[in-house]
Amino acid sequence: MPELPDITVYVERIRDVLQGEVLRTVRILNAFVLRTAMPPVTALEGRAVVDARNLGKRVVLEFEGGFFLVIHLMIAGRLRWLAPHAKTPGRIALAAFAFDHGQLVLTEAGTKRRASIHVVEGADALAALDPGGIDVFVADLAAFRERLVRENHTLKRALTDPRAFSGIGNAYSDEILHRAQLSPFALTQSLDDTAIERLYVATRTVLEEWTVRLRTEAGAWPDKVTAFHPEMAVHGRYGQPCPVCGSPVQRIVYADNEANYCARCQTGGRLLADRAFSRLLKDSWPRHIDDLA
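How each quantity is defined
- Residues numbered from 1 in each chain as written.
- Predicted model: local features only at pLDDT ≥ 70, side-chain atom pairs only at ≥ 80, totals over all residues.
- Heavy atoms only, no water.
- Helix = DSSP H or I, 4+ residues; strand = E, 2+ residues; numbered from the N terminus.
- Expected span 1.5 Å × (residues − 1).
- Buried < 20%, exposed > 50% of the residue type's maximum accessible area, 1.4 Å probe, protein only.
- Pairing = 2+ DSSP bridges.
- Axes fitted to C-alpha atoms, helices over the stretch in contact; angles between N-to-C directions.
- Contact = heavy atoms within 4.5 Å.
- Parallel < 35°, antiparallel > 145°, perpendicular 65-115°, else oblique.

Once that is clear, we can look at helix 1 (residues 4–18). Residues spaced three or four apart along an α-helix face the same direction, because each turn holds 3.6 residues. The first and last C-alpha atoms of helix 1 sit 20 Å apart over 15 residues, in line with the 21 Å expected at 1.5 Å per residue. Here helix 1 lies mainly inside the structure; 11 of its 15 residues are buried. Leu4, Pro5, Asp6, Ile7, Val9, Tyr10, Val11, Glu12, Arg13, Ile14 and Leu18 are the residues of helix 1 that are buried. With its phi angle positive at about 90°, Gly20 sits one or two positions after the end of helix 1.

As structure tokens, then:
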């Protein structure tokens, strides 16, 4: 799923390309993607784009008259900028927004169709779509601590909760926790002040570093948005050496997600139990990173 660094770059490029431009026509190519009926999506036609912003992991285009187009890319949704009369990319195209000098096209790979579009009128209607997570670049340490320990969850769950923190998902939570040298399954209310401050700094630093990197890589438009980058420390790098200590990166798979971590850097060498394999192997399950040698 595109997370805050990816969404930030999308928003910046949309603002550069579309601010002040008039939306001429809207084509909804898969009816399921439009999740609102009033106001109709055609109400945006003939209106100029005033601004672009993010709302957590959502991309928001503001139009004249207080109308907002809210796009949630979910896991496989992507935004493409095409020439005015270019053919939309087959069955993966969900919607196309035509301007005088190009088309903004929402696509989604796969068949699950989770991406969504909302059209709302007024600031209150837009705010109703906000899950409420704080912006870590605006929040100070006290606000970060308050939100982190409000409920006693694992760090992985807390960082990826959109009601707690804005824009952080599976990929960057892995990177943040590795940078902070904290276990993904440590409980939020068990952390001391030093660990919380370390997590706060790591969160801001990792997100800022990756935003700068992706902004540079994107060029005129971010055409290759992915959650997996070879420069990442642990995310998507199971079995590969940790860039800090050289130990093989570990992972735990659960539901539709996974946590990637370095046992030596983050858990004192202890291997976290995988719900499936640890139960299967029982006493044969390795307990320490050195047991893998």
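Each strand in a sheet pairs with another by means of backbone hydrogen bonds, the pair being arranged parallel or else antiparallel. With antiparallel pairing, the four strands of this open sheet are ordered in space as 2-3-4-8. Each edge of the sheet is formed by a strand with only one pairing partner; in this case those strands are strand 2 (49–55) and strand 8 (116–121). Direction aside, neighbouring strands of the sheet carry axes that sit 20° apart on average. As paired elements, strand 3 (residues 58–63) and strand 4 (residues 67–72) share six bridges and run antiparallel to each other. In the strand pairing of strand 4, Glu62 is matched with Phe68. Together, strand 2 and strand 3 form the strand contacts of helix 1, whose direction differs from that of strand 2 by roughly 180°.

Turning next to unusual backbone geometry. Residue Met38 is joined to Pro39 through a cis peptide bond whose omega torsion reads -5°. Turning to its location among the elements, Pro39 is positioned in the loop between strand 1 (25–28) and strand 2. Phi is positive for Met74, which is not a glycine, with a value near 55°. Within the secondary structure, Met74 is located in the loop between strand 4 and strand 5 (77–82). A positive phi angle, near 60°, is found at Gln181, a position not held by glycine.

At a minimum axis distance of 10 Å, the contact between helix 3 (residues 141–148) and helix 6 (residues 193–218) shows a crossing angle of 105°. It follows from the interaxial angle that helix 3 and helix 6 lie roughly perpendicular. Judged by residue contacts, Leu141, Phe144, Arg145 and Leu148 of helix 3 engage Asp193, Ile196, Glu197, Leu199, Tyr200 and Thr203 from helix 6.

Burial runs high along helix 5 (residues 170–180): 10 of the 11 residues are buried. Each element contacted by the buried residues of helix 5 is listed here: helix 1, helix 4 (155–159), helix 6, strand 10 (257–261) and helix 7 (263–266). Downstream of helix 5 by one or two residues, Gln181 has phi in the positive range, about 60°.

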